[in-house]
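# Structural description and commentary
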Amino acid sequence: MSRRLADVAAKVGVSEATVSRVLNGKPGVSQATRDAVLTALDVLGYERPTKLRGDRNRLVGLVLPELANPIFPAFAEVVGGALAQQGFTPVLCTRTAGGISEAEYIDLLLGQQVSGVIFAGGFYAEREADHTHYERLDALNLPVVLINASIETLDFPHVSCDDLVATHQALEHLVSMGHERIGLLLGPEDHVPSERKLAAARGFAQRHGLDLPDPLVVHSQYSLESGQAATNRLLDAGATAILCASDPLALGAIRAVRRAGLEVPGDVSVVGYDDSALMNSTDPALTTVRQPIDAMGRAAVDLLASMIAGAEVSRDELLFEPELVVRRSTAAAPRATA
């Protein structure tokens, strides 16, 4: 019993005495705290007291495109914890190859009468994808929040990392070390965050007198293997540095550089995007642009909770500042040989 009290108290951020009052049905605890304590019991796998088992918490869907990219489990941890603290129970939905589709997950969530849905990556960022299930949620007036950029026709609140600032930070770092042939390894062409990064890079190149020809821009699926294959085209185009749209793409780029008989960063510098788990432990440790995952995830939950409570929230995009984390995968541009 004492361990259960301590675990739940730590999860919610309240005292053990407060947890005890909730479990014993005592007064003097706000409804929000009461809901958070009961949700924490569920999340931690503890049984509720018999008299509280019928007092079910509100459910919120958390829809992710995958778990292989470590940025998405990181978002799930932040969002799931913030939802629990506000009295919601997260329902994790993750797409897998040949598995349940995003639209089918929406059917399941609606069948569970969820209070709202948070998407952290998904078809809302792909122009060529089917967006019917998002339009359905909008028609139902179900509270929905998107994490990172979406197509313009979806009028949901969303929080994003500022892709323009992120791209400029990385390019300024590479240019300061003498790189002029900088390649871009981006996601699919219809992916809105990749569109933004490309537009930011072209603007930067124009202002700084850099050449960014088409051979130095390649598009790929978001996987290490796809990144490795696409990097070969950038090497053929003479890139001395590669700016990637995700950390897995950057790891694929490093593998391609090495298999070409070159070194990172001696011959080619590589910059990732996200600063996901273990990027400081790769070989070499990856220079990358850090998304403020904690702040973004908590902001998304705050927006959703306000909508569920009936408050009006802004539909304007909420932009968060990234941070360039310089490690060992970048160095001065190699000198041209005569």
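These numbers come from a predicted model, not from an experiment. (Residues numbered from 1 in each chain as written. Predicted model: local features only at pLDDT ≥ 70, side-chain atom pairs only at ≥ 80, totals over all residues. Heavy atoms only, no water.)

### Quick look at the pattern of salt bridges
The cut-off we apply is this: Salt bridge criterion: a side-chain nitrogen from Lys or Arg within 4 Å of a carboxyl oxygen from Asp or Glu. Only runs of H or I of at least four residues qualify as helices and only runs of E of at least two qualify as strands under DSSP, and these elements are numbered from the N terminus. When a residue's accessible area, from a 1.4 Å probe over protein chains only, is under 20% of the maximum for its type it is buried; when over 50% it is exposed; and in between it is partly exposed.
Applying the stated criterion to the full structure yields 13 salt bridges. Here R127 makes a salt bridge to E195, at a shortest N to O gap of 2.8 Å. One end of the pair, R127, is in the loop between strand 3 (116–120) and helix 6 (132–139); the other, E195, is in helix 8 (residues 192–208), with 68 residues separating them in the sequence. The class for R127 is partly exposed, based on a relative accessible area of 31%. With relative accessibility at 26%, the residue E195 sits in the partly exposed group. Here D211 makes a salt bridge to R181, at a shortest N to O gap of 4.0 Å. Taken together, the residues span a long stretch of sequence, with D211 in the loop between helix 8 and strand 7 (217–219) and R181 in the loop between helix 7 (163–176) and strand 6 (182–186) at a distance of 30 residues. Accessibility expressed as a relative area gives 49% for D211, which makes it partly exposed. Looking at R181, the relative accessible area reads 29%, which means it is partly exposed. The network of salt bridges with shared partners includes D275, R290, E323 and R327.

### Observations regarding the packing of aromatic side chains
We count it as follows: The pairing test for Phe, Tyr and Trp rings, Trp by its six-membered ring, is centres within 6.5 Å, and the orientation test on the planes gives stacked under 30 degrees, edge-to-face over 60, and tilted for anything in between. In this scheme, the term charge over a ring applies when either NZ of a lysine or CZ of an arginine sits within 6 Å of the ring centre and within 35 degrees of the ring normal.
On inspection of all chains with the given rule, the structure shows three aromatic pairs. Look at Y124 and Y134: their rings are 6.0 Å apart centre to centre, the planes differ by 85°, and that puts the pair in the edge-to-face class. Taken together, the positions of Y124 in the loop between strand 3 and helix 6 and Y134 in helix 6 put the pair 10 residues apart, joining distant regions of the chain. Residue Y124 shares its accessibility class with Y134, and that shared class is buried. By way of ring pairs, the aromatic residues F119, Y124 and Y134 are connected into one cluster. A cation over an aromatic ring shows up here: R95 above the ring of F123, its NZ or CZ 4.1 Å from the ring centre. In this structure, K197 is placed above the aromatic ring of Y273, and the distance from its NZ or CZ to the ring centre is 4.1 Å.

### Thoughts on a negative patch on the surface
Rules: Exposure above 30% relative accessible area and no salt bridge define the residues that can form patches, which grow by joining like charges within 9 Å and nonpolar side chains of Val, Leu, Ile, Met, Phe, Trp and Tyr within 5 Å. Surface accessibility in these figures is a Shrake-Rupley result with a 1.4 Å probe; residues are shielded only by whichever protein chains are displayed. Positive charges are assigned to Lys and Arg, negative charges to Asp and Glu, while His and the chain termini are left out of the count. The location of each charge is read from NZ of Lys, CZ of Arg, CG of Asp or CD of Glu.
A grouping of D130, E135, D138 and D155 is seen on the molecular surface, where their side chains present a negatively charged patch. Along the chain, E135 turns up in helix 6.

### Considerations on the side chain of Q291
What counts, and what does not: Working rule for contacts: check all heavy atoms of both residues, and any pair within 4.5 Å makes them a contact.
Within the secondary structure layout, Q291 lies in the loop between strand 10 (287–290) and helix 11 (293–308). For Q291, a relative accessible area of 6% gives the class buried. Excluding residues that lie within four positions of it along the chain, Q291 makes contacts with I71, F75, N148, C161, Y273, D274 and M296.

### Description of helix 6
We count it as follows: Arc definition: directions from the helix axis to the C-beta atoms.
Taken together, the buried positions of helix 6 are H133, Y134 and L137. Seen end-on, helix 6 carries its buried residues on one side only, within an arc spanning 105°. Looking at the buried residues of helix 6, the elements they touch are helix 5 (102–111), strand 3 and strand 4 (144–147). Remark: N141 follows helix 6 within two positions and exhibits a positive phi of approximately 60°.

### Notes on helix 9 (residues 224–236)
Counted only if it meets this: How far a helix is expected to stretch is found by multiplying one less than its residue total by 1.5 Å.
Helix length check: helix 9, at 13 residues, gives a terminal C-alpha distance of 19 Å against a target of 18 Å (1.5 Å per residue), a fit within 8%. Along helix 9, the residues that are buried comprise G227, Q228, A230, T231, L234 and L235. Contact partners of the buried residues in helix 9: strand 6, strand 7, strand 8 (241–244) and helix 10 (247–259). Once helix 9 finishes, G238 follows within two positions and takes phi at roughly 85°, a positive value.

### A closer look at the pairing of strand 10
Under the convention used in this document: Here, a strand pair is defined by DSSP locating no fewer than two bridges between the strands.
Bridge count for strand 9 (residues 269–274) against strand 10 is four bridges, and the pairing is parallel. Of the residues in strand 10, the one forming a bridge with G272 is T288. In this sheet, strand 12 (residues 323–325) lies alongside strand 10 in antiparallel orientation, the contact comprising three bridges. By the bridge assignment for strand 12, V289 is matched with L324.

### Some remarks on the sheet that holds strand 9
Quick reminder of the rule: Here the axes come from fitting lines to C-alpha atoms, over the contacting stretch only for helices, and the angles between their N-to-C directions go from 0 to 180 degrees.
Within the open sheet, the six strands sit side by side as 7-6-8-9-10-12. Their pairing is mixed. One side of each edge strand has no neighbouring strand; the edge strands of this open sheet are strand 7 and strand 12. The sheet shows a mean angle of 20° between the axes of neighbouring strands, direction not considered. In this sheet, strand 9 lies alongside strand 8 in parallel orientation, the contact comprising three bridges. Bridged to A241 within strand 9 is S269. Seen against the sheet, helix 8 touches strand 6, strand 7 and strand 9 and runs at an angle of roughly 165° to strand 6.

### Side note on the pairing of strand 4
Spelled out, the test is: The crossover handedness rule: strands pointing away from the viewer, path from first strand over the helix to second strand clockwise, crossover right-handed.
Alternating residues of strand 4 divide into V144 and L146 and V145 and I147, and every residue in both groups is buried. Once the chain exits strand 3 it traverses helix 6 before rejoining the sheet at strand 4, and the crossover so formed is right-handed. In this structure, strand 4 lies alongside strand 5 (residues 158–161), joined through two bridges in parallel fashion. Of the residues in strand 5, the one forming a bridge with I147 is V159.

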